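Structure at a glance
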Amino acid sequence: FEQEINKGIRSKVYNVTSGDIYDSALNFLFKEEYSMEKQFDKLLGDPEQTLSNCLQFMMKAKGWKNADTFWDKTLLHRNYFYKINNNQLKGASRETLMAICVGLGLKIRMAEKIFNKAGLKLREHVSPDYVYMLILEFFPRISINDFNNLLIRVGLKPLGTPIKE
């Protein structure tokens, strides 16, 4: 822990104290993203909010302004972006939801809440859910391409919309 934070600080400051390292860690933990996650968590728990409403909030917070960004982050067809923004995302598959969670850079706890909001549950002892959860737990904010490469390496189908040839 100390080495990782210390690396970032040393590049800018030479006389680093333990206090500086811990202050830096706390600043990282409680920056704006924490506030955004709290709001997102509240929306997910509100029965009046649809899954689409919740995803719209997080996509806006992450700066996803168009379908191209959505595609780049999730490898899902652009139509999903429009379904979310038109509050029409219903019956999304586990793979679609996980691609969105990965694209949004969500931690496992938030991904589980998204699945719950969709009426699904991540199954921690059943593949591929187990592998999805393991990757998100140890590599939060992993890119969709890196996530997919890990899936392929363990013999699982990558996430995203298949390209028709």
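Here, every reference points to the structure presented above.
What you see is a predicted model; the values in this text were computed from it and never measured. (Residues numbered from 1 in each chain as written. Predicted model: local features only at pLDDT ≥ 70, side-chain atom pairs only at ≥ 80, totals over all residues. Heavy atoms only, no water.)

1. Some points on the overall build of the chain
To be explicit about the condition: Working definition: helices are DSSP H or I runs of at least four residues, strands are E runs of at least two. Numbering for both runs from the N terminus. Working rule for contacts: check all heavy atoms of both residues, and any pair within 4.5 Å makes them a contact. Per-residue and other accessible areas follow the Shrake-Rupley method at a 1.4 Å probe size, with only the shown protein chains counted as cover for residues.
Scanning the chain from N- to C-terminus turns up 10 helices and 0 strands. From first element to last, N terminus to C terminus, the chain shows the α and β order α-α-α-α-α-α-α-α-α-α. In the chain, once contacts between residues fewer than 6 apart in sequence are set aside, the share between residues at least 24 apart is 54%. By element, 51% of the accessible surface of the chain is carried by carbon and sulfur atoms, the whole surface being about 10600 Å².

2. Things to note about the packing of helix H7 (residues 94-103) against helix H8 (residues 108-117)
Quick note on the threshold: The angle between two axes is taken between their N-to-C directions and runs from 0 to 180 degrees, where each axis is a line fitted to C-alpha atoms and a helix contributes only its stretch in contact. By definition, turning the near helix anticlockwise from the far helix through less than a right angle yields a left-handed crossing, and turning it clockwise yields a right-handed one. Amino acids are sorted into nonpolar (Ala, Val, Leu, Ile, Met, Phe, Trp, Tyr, Cys and Pro), charged (Asp, Glu, Lys and Arg) and polar (every other residue, Gly among them).
Look at H7 against H8: their axes get within 10 Å of each other, and the N-to-C directions meet at 140°. Considering the relative orientation of H7 and H8, their crossing is right-handed. Where H7 abuts H8, its residues Arg94, Leu97, Met98 and Cys101 lie against Ala111, Ile114 and Phe115. Grouping the amino acids of the contact of H7 with H8 by side-chain chemistry returns 6 nonpolar, no polar and 1 charged.

3. Considerations on the environment of asparagine 87
Secondary-structure assignment places asparagine 87 in the loop between helix H6 (78-85) and H7. When the C-alpha atoms of asparagine 87 and cysteine 54 are compared, they prove to be 9.9 Å apart, with 33 residues separating the residues in sequence. Setting aside residues up to four positions removed in sequence, asparagine 87 forms contacts with Thr50, Ser52, Asn53 and Gln56.

4. Looking at the side chain of threonine 74
So the rule is basically this: For the exposure calls, accessible area comes from a 1.4 Å probe over protein chains only, and a residue counts as buried if that area is under 20% of its type's maximum, exposed if over 50%, partly exposed in between. Pairs of N or O atoms are called polar contacts if they sit within 3.5 Å, as long as, within protein, a hydrogen donor faces a hydrogen acceptor (for residues adjacent in sequence, only side-chain-to-side-chain pairs).
Among the structural elements, threonine 74 can be located in helix H5 (residues 67-74). On the accessibility criterion, threonine 74 (0% relative accessible area) is buried. A polar contact of 3.1 Å, which involves the side chain of threonine 74, links it to the backbone nitrogen of leucine 76. Each residue touching threonine 74, except ones within four places of it in the same chain, is listed here: Trp64, Ala99, Ile100, Gly103, Ile144 and Gly160.

5. Section: the environment of lysine 62
Along the chain, lysine 62 turns up in the loop between helix H4 (51-61) and H5. For lysine 62, a relative accessible area of 30% translates into the label partly exposed. Spatially, the C-alpha atom of lysine 62 lies 9.9 Å from that of glycine 103, the residues being 41 residues apart in sequence. Within the structure, lysine 62 has its side chain in polar contact with the backbone oxygen of leucine 104 (distance 3.0 Å).

6. Brief notes about unusual backbone geometry
That bond from serine 127 to proline 128 is cis: its omega, 10°, falls within 30 degrees of zero. Relative to the elements of secondary structure, proline 128 occurs in the loop between H8 and helix H9 (129-138). The backbone of leucine 75 shows a phi angle near 60°, a positive value even though the residue is not glycine. Along the chain, leucine 75 falls in the loop between H5 and H6. Of the residues examined, leucine 75 reaches a relative accessible area of 18% and is grouped as buried. A positive phi is found at asparagine 87, a non-glycine position, where the angle reads about 55°.

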